[in-house]
Amino acid sequence: MKLISQAITLYTKRVLPALDSVSFLPVFAIRVWIADIFFKSGQTKLRDWDSTVALFADEYKVPVLPPELAATLGTGVELIAPVLLVLGLGGRFAAAALLCMTAVIEFTYMHFDAHIIWTLMLALIIFQGPGKLSVDYFLRKRFG
C-alpha cells in the first residue's frame, strides 16, 4: 500500500507538473499543422484567379453567394486566419473562421474524413484557447 501511495505522490508532484510545463507544445503543433493546410490552399487559389472563380462557379457551388464573392471570401479566410492562428492572435476567432470554412467545404463540396480531424483540432483551440505560446496568452498575462 505504501508503494502505491509513493507512486501517486511521485505522479502528482513530479510527472504532472513536468507535463503541464510543456503542454503548450501539442497545441502549438496543431495550430501550425492546420494553418499550413489552409494557407497552402489559399496560395493555390491565388496562382490562377480565373480558375479559382470558375471552381467556385462550377465545382464548389457555394449557396447564396455569387462565385466571385465566395472565392474572395474563401481565399481571404484561407490566407489571413492561418497567420493569426500560428501567431495565436485572436486564436479562437481564427480557429472559428477555419471551422466555418471546413463546414462549408464538407457540406457543399467534398466529404472527407480528414474534416473530422480538422473539426476536432479547431474545436480544441476554440474551447481551450491557443495555449501559452501565443500572442493571446501574452496579452492576457500583460493586461489581465
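Procedures and definitions
Residues numbered from 1 in each chain as written. Predicted model: local features only at pLDDT ≥ 70, side-chain atom pairs only at ≥ 80, totals over all residues. Heavy atoms only, no water. Helix = DSSP H or I, 4+ residues; strand = E, 2+ residues; numbered from the N terminus. Buried < 20%, exposed > 50% of the residue type's maximum accessible area, 1.4 Å probe, protein only. Axes fitted to C-alpha atoms, helices over the stretch in contact; angles between N-to-C directions. Parallel < 35°, antiparallel > 145°, perpendicular 65-115°, else oblique. Contact = heavy atoms within 4.5 Å. Salt bridge = Lys/Arg side-chain N within 4 Å of Asp/Glu carboxyl O. Phe/Tyr/Trp six-rings, centres within 6.5 Å; stacked < 30°, edge-to-face > 60°. Core = buried A, V, L, I, M, F, W, Y, C linked by side-chain atoms within 4.5 Å. Polar contact = N/O pair within 3.5 Å; in protein donor to acceptor, adjacent residues only side chain to side chain. Left-handed = near helix turned anticlockwise from the far one by under 90°. Nonpolar A, V, L, I, M, F, W, Y, C, P; charged D, E, K, R; others polar.

Things to note about unusual backbone geometry
Not every positive phi belongs to a glycine, and valine 64 is a case in point at roughly 80°. On the secondary structure map, valine 64 appears in the loop between helix 3 (49-60) and helix 4 (67-87). The exposure class of valine 64 is exposed, given its relative accessible area of 84%.

Quick word on the packing of helix 2 (residues 24-47) against helix 3
It is the contact of helix 2 with helix 3, at a shortest axis distance of 5 Å, that shows an interaxial angle of 110°. On the basis of their axis angle, the class for helix 2 and helix 3 is roughly perpendicular. Each of Lys45, Leu46 and Arg47 in helix 2 lies in contact with helix 3, whose residues at this interface are Trp49, Thr52, Phe56 and Tyr60.

What about the pattern of salt bridges?
Should the charged atoms of two oppositely charged side chains come close, the side chains can pair. According to the stated counting rule, one finds two salt bridges in the structure shown. For the salt bridge of lysine 40 with aspartate 36, the shortest nitrogen-to-oxygen distance reads 3.1 Å. Pair noted here: lysine 40 and aspartate 36 are both in helix 2, with a separation of four residues, about one helical turn. Residue lysine 40 is classed as partly exposed on the basis of its relative accessible area, which comes to 47%.

Quick word on the packing of aromatic side chains
Applying the stated rule across the entire model yields two aromatic pairs. Considering the side-chain rings of phenylalanine 56 and tyrosine 60, the 4.8 Å spacing of their centres and the 85° angle between planes classify their relative orientation as edge-to-face. In this pair, phenylalanine 56 and tyrosine 60 both sit in helix 3, four residues apart, roughly one turn of the helix. Judged by its relative accessible area of 17%, tyrosine 60 is buried.

A look at the nonpolar core
As a rule of thumb, nonpolar side chains are buried together in soluble globular proteins. Grouped together as the largest cluster of nonpolar side chains are 15 residues, with contacts concentrated most on Ile34, Phe38, Leu85, Leu98 and Leu122. Taken together, the elements giving at least two residues each to this core come down to helix 2, helix 4, helix 5 (91-108) and helix 6 (114-128). The greatest single-element share of this core, amounting to five residues, is contributed by helix 5. Aside from chain neighbours lying at most four places away, what touches isoleucine 34 is Leu85, Trp118 and Leu122. Counting six residues, the second-largest nonpolar core is a separate cluster that includes Phe56, Tyr60, Ala70 and Ala71.

Structural notes on the environment of threonine 44
On the secondary structure map, threonine 44 appears in helix 2. According to the relative accessible area criterion, threonine 44 is partly exposed, its value standing at 47%. Along the backbone, threonine 44 and threonine 75 are 31 residues apart, and their C-alpha atoms lie at a distance of 9.2 Å. A polar side-chain atom of threonine 44 sits 2.9 Å from the main-chain carbonyl oxygen of lysine 40.

Describing the packing of helix 5 against helix 6
Helix packing geometry: the angle between the two helix axes and the distance between the axes. Relative to each other, helix 5 and helix 6 sit at 155°, their axes nearing to 8 Å. Judged by the inter-axis angle, helix 5 sits roughly antiparallel to helix 6. Crossing handedness for the pair helix 5 and helix 6: left-handed. Of helix 6, the residues touching helix 5 (which contributes Gly91, Arg92, Ala95, Ala96, Leu98, Leu99, Thr102, Ile105 and Glu106) are His115, Trp118, Thr119, Leu122, Ile125, Ile126, Phe127 and Gln128. Looking at the contact of helix 5 with helix 6 residue by residue, the classes come out as ten nonpolar, five polar and two charged.

All we've got here are geometric facts, nothing functional implied.
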